[in-house]
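Coordinate analysis (summary)
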Amino acid sequence: ADDYVTTSGAVVPGRSEELWDSMDYVLQVSSNAGEDWWSVERCADSVSAKPECDASGTRCHCAVEALDAAATYSFRVLAGGAGGWSEPSEMVSQTKPPGGSSLNAGAIAATVMAIIAALALFCAAVFFYQRRQPPPPPPPVFKPMHDQQAMLRSPY
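Residues numbered from 1 in each chain as written. Predicted model: local features only at pLDDT ≥ 70, side-chain atom pairs only at ≥ 80, totals over all residues. Heavy atoms only, no water.

Let us look at the overall build of the protein. Within the protein one finds two helices and nine strands. The order of helices and strands in the protein, counted from the N terminus, is β-β-β-β-β-β-β-β-β-α-α. Considering the protein as a whole, with its 156 residues, one finds that 13% of them fall into the buried category. Counting only contacts in the protein whose residues sit at least 6 apart along the sequence, the fraction spanning at least 24 positions is 45%. In the form shown here, the protein has an accessible surface area of approximately 12,700 Å², with 60% of it arising from carbon and sulfur atoms. (Helix = DSSP H or I, 4+ residues; strand = E, 2+ residues; numbered from the N terminus. Buried < 20%, exposed > 50% of the residue type's maximum accessible area, 1.4 Å probe, protein only. Contact = heavy atoms within 4.5 Å. Areas by Shrake-Rupley, 256 points an atom, 1.4 Å probe, with all protein chains shown as cover.)

Written out as structure tokens, the structure is:
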């Protein structure tokens, strides 16, 4: 931003006279080099869904989710206040690196925990299967003697 000269003649470097009148900011995204624009409805890292700014109002941030990997996106910002909306900022283009995860940290943590739980259940099942008691031995087999009388008569 250009230096701002106050009504008393003091120079304020890096400030704009409209800075303090800005009440809201809108981040717009384009996937076709600025031919069509859409406004980001919710910043992923914001409590209020809008871009969040520091106390001086000179630095704002907004994380945008659900962008396709290896695609180039263009971004611009509009500032609004009591006097209406500003002209869009200069367009900035950025390519999302391929192979990036489209899952947020919570989803990744939940997936890892589910895998660990499934592995623990499998290990517990194998452990208890190996520790089970063997079946009791079969009962003794009795062979009936057909000729008990002959055995009693035998001298041996």
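Here we come to the side chain of Ser 30. Note that Ser 30 resides in strand 3 (residues 22–30). A polar contact is formed between the side chain of Ser 30 and the side chain of Asn 32, at a distance of 2.9 Å. Polar side-chain contacts of Ser 30 include one of 2.9 Å to the backbone nitrogen of Gly 34. Ignoring sequence-local partners within four residues, the contact set of Ser 30 consists of Glu 35, Asp 36, Trp 37, Trp 38, Thr 72, Tyr 73 and Ser 74. (Polar contact = N/O pair within 3.5 Å; in protein donor to acceptor, adjacent residues only side chain to side chain.)

Just geometry here; none of it tells us what the structure is for.
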